Amino acid sequence: MPFPIWETPSVSAATAKPLPHAPLPYAPSVERPGPDEARLFDELAETMLSISRKTYEDSGHANRSVHAKSHGLLIGRLDVLDDLPAELAQGLFAQAESYPVILRLSTTPGDLLPDSVSTPRGLAVKVLGVTGERLPGSENQATQDLVMANAPVFSAPDARQFLSMLKLLAATTDRAETAKKALSATLRAAERVVEAFGGESATLKTLGGHPATHILGETFFSQAALRHGAHIAKLQIVPVSSNLTALTDAPLSVNGKPDSLRDAVVEFFRDQEAVWELRVQLRTDEERMPVEDASVLWPEELSPYRTVARITVPPQTAWSEERSRAGDDRLAFSPWHGLAAHRPLGSIMRARRIAYARSSDFRMERNGCPMQEPAAGYRLPG
């Protein structure tokens, strides 16, 4: 079945402002792997799998180790802007082009919790029909995946410290749901106090204190760095249509509504279109914009985010059991599904390569559902 086409205004980058500093070139030497990374990444992948094994024992269904619960499975279109400056017109964005995309909205835990346990949100994007030199392990694919979260930096600087955090989270998998809901309410209250004084706590949000707000108002970030052709960048996906921006920080009732986020997404897309911009922040400073430490915020005064593409999603059935079987059970998202021009960089990204592959294999084996990298004509059911 052909991909549906709908009309949108043409988009252009003619007004893009120049960078205050020249973008730094990509070179393999920007990465500095540690001497024991193979052992470290293996332990991290196995810790993630312990979450999936536990939830599989309880439910008989294999879910993702993280971001197990989907709140929207959407199909749309990505339009690369015309007339991009040379430093932005790299890889997937080298020329004006339109691609079908699949979007998956989620929250971070590996167990399927009610939304009153309020945790950080994720957005995974799979761009279809992509051509060009591929990353190792994705040679026979034609997709580019973007794995994003609604915080500008990662919760740990590198894989070693993330492993320590992950072990603590894994130990709580599928335990004391009632206690988790009560704790989440307490943490949300604490986060509101922090934000009232102009602050923000990634720790409180990660543990269950994320504000109970509408997921479609969020801005999402790659958090870690990627190659951007001849340069290095971080990515951002920002809501720009007025019906999305109206939902930024909009409160959402989650108490007594276990699937409130999903219900809100389904209600929105029943009769509305949504538009986001995909933006790129180029690396311009070696010291203040590190590659190996994903917890450091790259200053926007050194390099602002600049728009390279627009994502448009038309009205549709945003979630259904049938759509979940296709989008949750048969699709895998990884930053290592993609072009060599967008190679994931840094410790966190290198760790994801093995961890995500093992998680996908586990789900495929236990559920008896072969994974598929879809082609440009792919349609989500229902």
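One numbering rule holds for all chains: residues counted from 1, following each sequence as written. Where totals are concerned, whole chains, interfaces and linings use all residues; where local detail is concerned, this predicted model gives features only for residues with pLDDT of at least 70, and gives and counts side-chain atom pairs only at 80 or more. Side-chain measures were taken over the full set of non-hydrogen atoms in the model, leaving aside hydrogen atoms and water.

Engineer: When you look at the overall build of the chain in this model, what are you seeing that I'm missing?
Structural biologist: Regarding its fold elements, the chain presents eight helices and nine strands. Partly exposed describes any residue whose relative accessible area lies between the buried limit of under 20% and the exposed limit of over 50%, with all areas from a 1.4 Å probe on protein chains only and scaled to the type maximum. Each of the 382 residues in the chain was classed as buried or not, and the buried ones make up 56%. Contacts are assigned to residue pairs with any non-hydrogen atoms lying within 4.5 Å of each other. The contacts in the chain between residues at least 6 apart in sequence include a share of 79% that link residues at least 24 apart. Accessible surface for the chain amounts to roughly 16300 Å². Of this, 53% is attributable to carbon and sulfur atoms. A helix here means a DSSP run of H or I that spans at least four residues, while a strand means a run of E at least two residues long, and both kinds are numbered starting from the N terminus. The accessible surface values rely on the Shrake-Rupley method and a 1.4 Å probe; as for residues, cover is taken only from the protein chains in view.

Engineer: Which parts of the structure should I look at to understand the side chain of S320?
Structural biologist: Looking at where S320 falls in the secondary structure, it is placed in the loop between β9 (306–313) and α7 (321–327). Judged by its relative accessible area of 16%, S320 is buried. For S320, the residues in contact, after removing those within four places along its chain, are P381 and G382.

Engineer: Is there a simple way to explain helix α6 (residues 260–269) in this structure?
Structural biologist: Side chains three or four residues apart in an α-helix point the same way, a direct result of the helix having 3.6 residues per turn. Most of α6 sits out of view: eight of its ten residues are buried. Regarding α6, the residues found buried are S260, L261, R262, A264, V265, V266, F268 and F269. Here the buried face of α6 lies against β1 (69–80), β2 (98–107), β3 (121–128), α5 (242–245), β8 (274–282) and β9.

Engineer: Teacher, can you tell me more about the pairing of β3 here?
Structural biologist: Along a regular strand, successive side chains alternate from one face of the sheet to the other. A large share of β3 lies buried, amounting to eight of its eight residues. Covered by surrounding structure in β3 are R121, L123, V125 and V127 together with G122, A124, K126 and L128, the residues of both alternating faces. Pairing of β2 with β3 involves seven bridges; the strand directions are antiparallel. Residue L103 lies in a different strand from β3, and its bridge partner there is V125. Each pair of strands is called paired provided DSSP finds at least two bridges between the two strands. In terms of strand pairing, β3 meets strand β4 (residues 143–149) through seven bridges, oriented antiparallel. Along β4, the bridge assignment pairs L123 with M148.

Engineer: Would you explain the pattern of salt bridges in this entry?
Structural biologist: Pairing between side chains of opposite charge can happen when their charged atoms approach one another. Salt bridges are defined as contacts in which a side-chain nitrogen from Lys or Arg sits within 4 Å of a carboxyl oxygen from Asp or Glu. Per the stated rule, a full pass over the model turns up 24 salt bridges. With a closest N to O distance of 3.1 Å, K69 and D115 form a salt bridge. Taken as a pair, K69 in strand β1 and D115 in the loop between β2 and β3 lie far apart in primary sequence, 46 residues in all. K69 gets classed as buried once you look at its relative accessible area, which sits at 7%. Overall, D115 belongs to the buried group, its relative accessible area being 5%.

Engineer: Explain helix α8 (residues 347–367) to me, please; I cannot follow it from the model alone.
Structural biologist: Relative to the 30 Å expected for 21 residues at 1.5 Å per residue, α8 spans 30 Å between its end C-alpha atoms, a close match to the ideal helical length. Two axes enter the definition of the bend at a residue: one is fitted to the seven residues ending there, the other to the seven starting there, and the bend is the angle between them. Along α8, the sharpest change in direction is near 30 degrees and occurs at R353. A positive backbone phi angle near 65 degrees is found at G368, which sits one or two residues after α8. To estimate how far a helix should extend, the number of its residues minus one is multiplied by 1.5 Å.

Engineer: Explain the environment of A151 to me, please; I cannot follow it from the model alone.
Structural biologist: As for its position among the elements, A151 is in the loop between β4 and α2 (159–170). The exposure class of A151 is partly exposed, given its relative accessible area of 28%. Separated by 85 residues in the primary sequence, A151 and Q236 place their C-alpha atoms 9.9 Å from one another. Apart from the residues lying within four places of it in its own chain, the contact partners of A151 are F221 and Q223.

Engineer: I would appreciate a short explanation of the packing of aromatic side chains in the present structure.
Structural biologist: The description of an aromatic ring pair rests on the distance of the ring centres and on the angle between the ring planes. Centre distance within 6.5 Å is the pairing criterion for rings of Phe, Tyr and Trp, where only the six-membered ring of Trp is used; planes under 30 degrees apart are then read as stacked, over 60 as edge-to-face, and the remainder as tilted. Considering all chains together, one arrives at four aromatic pairs under this definition. Ring geometry for Y56 and F362: centres 6.1 Å apart, planes at 85 degrees, overall edge-to-face. Of this pair, Y56 sits in helix α1 (residues 37–59) while F362 sits in helix α8, and the two are 306 residues apart along the sequence. Residue classification places Y56 among the partly exposed residues on the basis of a relative accessible area of 26%. Measuring from ring centre to ring centre gives 4.9 Å for F268 and F269, while their planes differ by 75 degrees; the resulting arrangement is edge-to-face. Directly above the aromatic system of W319 lies the positively charged group of R262, at a separation of 3.7 Å from the ring centroid. Its guanidinium or amino end placed over the ring of W336, R353 lies 5.0 Å from that ring's centre, counting from NZ or CZ. The criterion is that NZ of a Lys, or CZ of an Arg, lies within 6 Å of the ring centre and within 35 degrees of the ring normal, and then a charge sits over that ring.

Engineer: For this particular structure, what's the right way to read the nonpolar core?
Structural biologist: Note that soluble globular proteins tend to have their nonpolar side chains buried in a common cluster. We call a set of buried residues a nonpolar core when its members are Ala, Val, Leu, Ile, Met, Phe, Trp, Tyr or Cys and they connect through side-chain atoms within 4.5 Å of each other. Membership of the largest hydrophobic core comes to 78 residues, with the highest contact counts inside it found for L44, L78, L103, L216, F269, W276 and L278. Once residues within four sequence positions are removed from consideration, L216 is found in contact with L105, P239, L244, L247, V265, F268, F269 and W276.

Engineer: Just checking my understanding: could you explain the confidence of the model for the chain for this structure?
Structural biologist: Low-pLDDT portions of the prediction should not be read for the details of their coordinates. The predictor attaches a confidence to each residue, called pLDDT, with possible values from 0 through 100. This prediction gives the chain a mean pLDDT of 88; 86% of its residues lie at or above 70. Scored below 50 in pLDDT, residues 176–201 makes 45 contacts in the model with residues more than four places away or belonging to other chains. Every residue in residues 204–208 scores below 50 in pLDDT, and together they form 22 contacts with partners more than four places removed in sequence or on other chains.

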